[in-house]
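# A closer look at the structure
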Amino acid sequence: MIRRRLVLFAVRYYYPKVHAGVAEYARKAGWHLNVVFNLCPERIENWHGDGIITQVRDALDTRRDCDFIADLDQPRVLLRKHVVPDERRIGFLAAKHFMDRGFHNFAVYGPGSGGESLRAKSFREAVPPARHFERIVIDSDLSSWIERKSDIEEKLRSAPKPLAVLATNDGYAAEVLKTALDLGFRVPEDVSILGVDNNELICSNLPVPLSSIDNNLERVGYEVAALLDRHIDGEPLPQQPVLVPPRGVVTRRSSDVLAVQDRSLLKAIGFIKANYASDISVADVVAHVGIPRRTLYEKFSGKMDKSIAEMIETFRLEKAESLLLNTSLVMDEVARLSGFGSLLNLHRNFKKNHSQSPGQWRKNIGTVPKWG
Amino acid sequence: MQSYSIDIHAGIAAYANEADWHLQVVMRAYPEDLEKWDGDGVIVRSFESGGRGEAAGEFPRIDLPKVVIGRHVAADDARVGALAADYLLRQGYSSIACYAGSARSDSDCLAEFRNIVARHGEGIEASSIDMPAKARGWLERKKAIQAALKGRQQPAGVFALNDELGSELLEAAMDAGFLVPEDVAILGAGNDILICENLPVPLSSIDPDFKRLGYEAARMLDRHLDGRDLPPKPFLIPPRRVIVRRSTDIMAIREQHVSRALGFIQRNLHRRFTVDQVAQVAGFSKRALYKAFQKQTGMAIGAYIEKMRLHAAESLLTESNLSVGDIARHAGFGEPRNLYHAFKRHHGKSPREWRSARKR
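Being a predicted model, the structure only gives us computed values, none of them experimental.

### As for the overall build of chain B
Counting its regular elements, chain B contains 14 helices and 10 strands. A burial count over chain B gives 53% of its 360 residues as buried. Considering only contacts in chain B between residues 6 or more positions apart, those separated by 24 or more positions represent 72%. In the structure as shown, chain B presents an accessible area of about 16600 Å², 48% of it carried by carbon and sulfur atoms.

This is how it looks when you write it as structure tokens:
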């Protein structure tokens, strides 16, 4: 009989979703998983087993004496180092989410330990240079609430509206939301807010429910456990971190808005939103709005940075992604329900936007890969 | 919150939603982060779970109405201990113990646990798996657990103060070759599903109803903001119930044990034996055997043994010419007068009268 592996999962910052992924792998692999959440060094002194999952210390940790795990000389895999969320893709998705809704003014709020986090940077870089961009960066050495708050207030007041704000996690997003509402701004009409982590308990329980990027933390946990298992078998750890792609944006009220004043644009987008799943064409949109095709086209490319046809495609693609992620429908059905109509059309759009087929995309992004 | 519980968060969030609060969550709080935070009120969780009354140093820099989970609202630790004791006693283990890791073992929870076992244990004592004074490290703890388990009568029922410790105990027990739950049954507390359901032997645990704890903390803060005083003593939330998973599920095993007892009785009817001996063979405590036997056969074990002996004696009386004295010995009654009394009780006749009535 193969001996059961004993693995320690010891973290200071507890993310239930990461734990869920690690636990899922542990159960399937038949590990005995020891869990220590609120890590203090004595708890695990002399711990001895087959391997350890823990996390990189960061700037915040220096505030407390926690030289944890340094003295345990056993195979170990580090969250935030060996397996990390794909920050570039997160930044890109956030920018795309707001641009699809017609925003021209952007801000990012989040801690940069002395500088800009990769998440914030990716977002900034995904926004076309012509648009207005604000940064609200917390210097982690000066991160008392009162300082953060005055910084947010100042930026929210001075930035042009409507303003799209990405906060680098849901907790920070809640701070922006609170400050914006206190200043008398409407959310999402004046200030539209997007968080990251998709922490249901935070997002769904705010006065304005919060949109958030689901960065697939379950998968991060699962992959870190799988990596450790292979490492115990003798495989060296990768030089580059394993990147886990985000699952997508979960849109709630805080960003469910079109930053568009133009009535014919609103009418056109409303029509597309209601009918993208059927076989509509650009001509149908033009006929519905009742202005010349050329005029409408110019409004789209001026305000939305895309053509009418691309707008229809955006809706279809989002629908198809959501079906691939959340259902086990076959490709034919996904193509039909998302309005792409044919399998060929679905494939072509995925290749263009994701450089992979819908089948590959589903496999790569699905919450937890199938075992064995 | 310094230590995060998803259920407490869910409870607070549920109230926040009802009351239309803006709930700002800091899942890993450093006091500096929250300096001069300017909302209406704060809910914090004390550092040490179970460290009731020691939370005074929490976030001193926030000078706002504050409800401290652990001080103003708390899990009813004593009732958690009582529930654990009651559950393990009803399961009928031969020995009962508790495990608190390196933490203080004088908590309300363990005190009440011992109390209940002492009061209703009928001879069973609740021992604690204590750590040697300097055993802080993992390895020392593990060794101490294994040594303690070896000294216990099996099956042993062990209550671990929380699920993390339950997981630790499970690993130490299995590593030393004990079967769980056959030799050592383990009950945790907290019902952390991610821990309990993903262990090699899923862990039974007490559901402390943290969701309600969070909800009540939020409600108390709301009332406090309206001017009501905070209670001088914590408002206690009782645990919900024991969530039974495999680590204490001895019903299946119990059936095997009872049939082992039945086999032993059949094979040994010709001699004297005690219920203690049956229990030993079956791998039960005497208490547990009484209970399981009654449950499965509908009879008390003593009555069952006597009935079997009577049947044996009856057949010898009708089918042999052995003397009543011999029959008493062959049917395991020992002295003839034991056989005589049993017959008088059951048939209203002496063995001799019963035999002649049959022969006629």
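### With respect to the interface of chain B and chain A
Between chain B and chain A, the contact holds 46 residues from the first and 50 residues from the second. Interface area for chain B against chain A, summed over the two sides, is near 4300 Å², with a carbon-plus-sulfur share of 54%. Counting the contacts that link chain B with chain A gives nine residue pairs in polar contact (both at pLDDT 80 or more). Taken together, the elements giving at least two residues each to the side of chain B that touches chain A come down to helix H1 (6–19), helix H4 (138–150), helix H5 (163–175) and helix H6 (193–196) of chain B. Top element by residues in the side of chain B that touches chain A is H5(B). It accounts for seven residues. Residues belonging to the side of chain B that touches chain A are distributed by class as follows: 21 nonpolar, nine polar and 16 charged.

### Regarding the side chain of B:Ser285
Residue and element names in this part refer to chain B. Looking at the secondary structure, you find Ser 285 in the loop between helix H9 (275–282) and helix H10 (286–297). Overall, the relative accessible area of 10% leaves Ser 285 in the buried class. Sequence-distant contacts of Ser 285, that is, excluding residues within four places in its chain, are made with Gly 92, Tyr 93, Ser 94 and Ala 279.

### Section: the sheet that holds strand E4 (residues 95–99) of chain B
All names here are of chain B. In space, the six strands of this open sheet follow the order E5-E4-E6-E7-E8-E10, with mixed pairing throughout. Sheet topology places strand E5 (126–129) and strand E10 (241–243) at the edges, where each strand pairs with a single neighbour. Sheet twist, expressed as the mean angle between neighbouring strand axes with direction ignored, is 25°. Relative to strand E6 (residues 156–160), E4 runs parallel, the two being bridged by five bridges. The partner of Ser 95 across the bridge, within E6, is Ala 156. Together, E4, E5 and E6 form the strand contacts of helix H3 (residues 108–120), whose direction differs from that of E4 by roughly 175°. Packing against the sheet, H4 makes contact with E4, E5, E6 and strand E7 (184–189), and its axis sits at approximately 150° to E5.

### Here we look at helix H9 (residues 263–275) of chain A
All names here are of chain A. The terminal C-alpha atoms of H9, which comprises 13 residues, lie 18 Å apart, in line with the 18 Å expected from a rise of 1.5 Å per residue. Of the residues making up H9, those classed as buried are Ser 264, Leu 265, Ala 268, Ile 269, Phe 271 and Ile 272. Buried residues of H9, seen end-on, are gathered within an arc of 155° and therefore sit on one face of the element. Away from its buried face by more than 90 degrees, H9 exposes Arg 263 and Ala 274. Contacts made by the buried residues of H9 are with helix H10 (282–289), helix H11 (293–304) and helix H12 (308–326).

### Side note on the packing of aromatic side chains
All names here are of chain A. Summed over all chains, the structure comprises 16 aromatic pairs over all chains. Judged by centre distance (5.7 Å) and plane angle (55°), the ring pair of Phe 123 and Phe 133 falls under tilted. Taken together, the residues span a long stretch of sequence, with Phe 123 in helix H4 (residues 118–126) and Phe 133 in strand E7 (residues 132–139) at a distance of 10 residues. Residue Phe 123 is classed as buried on the basis of its relative accessible area of 0%. Residue classification places Phe 133 among the partly exposed positions, given a relative accessible area of 22%.

### Points about the confidence of the model for chain B
Residue and element names in this part refer to chain B. Per-residue pLDDT for chain B has a mean of 84; in total, 88% of the residues score no lower than 70. Every residue in residues 49–57 scores below 50 in pLDDT, and together they form 16 contacts with partners more than four places removed in sequence or on other chains. Prediction confidence for the complex, expressed as pTM and ipTM, is 0.74 and 0.73 respectively.

### Digging into the pattern of salt bridges
Scanning all chains against the criterion turns up 34 salt bridges over all chains. The shortest N-O distance in the salt bridge between B:Lys286 and B:Asp276 comes to 3.9 Å. One end of the pair, B:Lys286, is in helix H10; the other, B:Asp276, is in helix H9, with 10 residues separating them in the sequence. Assessed through its relative accessible area of 43%, B:Asp276 is described here as partly exposed. In this structure, B:Arg329 and B:Asp326 form a salt bridge, with 2.9 Å as the shortest nitrogen-oxygen distance. A residue pair is termed a helical-turn pair when its members lie 3 or 4 positions apart in one helix, as B:Arg329 and B:Asp326 do in helix H12 (residues 324–330) at three residues. Among the ionic contacts, a cluster of salt bridges with common partners joins A:Arg5, A:Asp229 and A:Asp233.

Cut-offs used in this document
- Residues numbered from 1 in each chain as written.
- Chains lettered and ligands numbered in written order.
- Predicted model: local features only at pLDDT ≥ 70, side-chain atom pairs only at ≥ 80, totals over all residues.
- Heavy atoms only, no water.
- Helix = DSSP H or I, 4+ residues; strand = E, 2+ residues; numbered from the N terminus.
- Buried < 20%, exposed > 50% of the residue type's maximum accessible area, 1.4 Å probe, protein only.
- Contact = heavy atoms within 4.5 Å.
- Areas by Shrake-Rupley, 256 points an atom, 1.4 Å probe, with all protein chains shown as cover.
- Buried area = accessible area lost by both parts, 1.4 Å probe.
- Polar contact = N/O pair within 3.5 Å; in protein donor to acceptor, adjacent residues only side chain to side chain.
- Nonpolar A, V, L, I, M, F, W, Y, C, P; charged D, E, K, R; others polar.
- Pairing = 2+ DSSP bridges.
- Axes fitted to C-alpha atoms, helices over the stretch in contact; angles between N-to-C directions.
- Expected span 1.5 Å × (residues − 1).
- Arc of directions from axis to C-beta.
- Phe/Tyr/Trp six-rings, centres within 6.5 Å; stacked < 30°, edge-to-face > 60°.
- pLDDT = per-residue confidence, 0-100.
- Salt bridge = Lys/Arg side-chain N within 4 Å of Asp/Glu carboxyl O.

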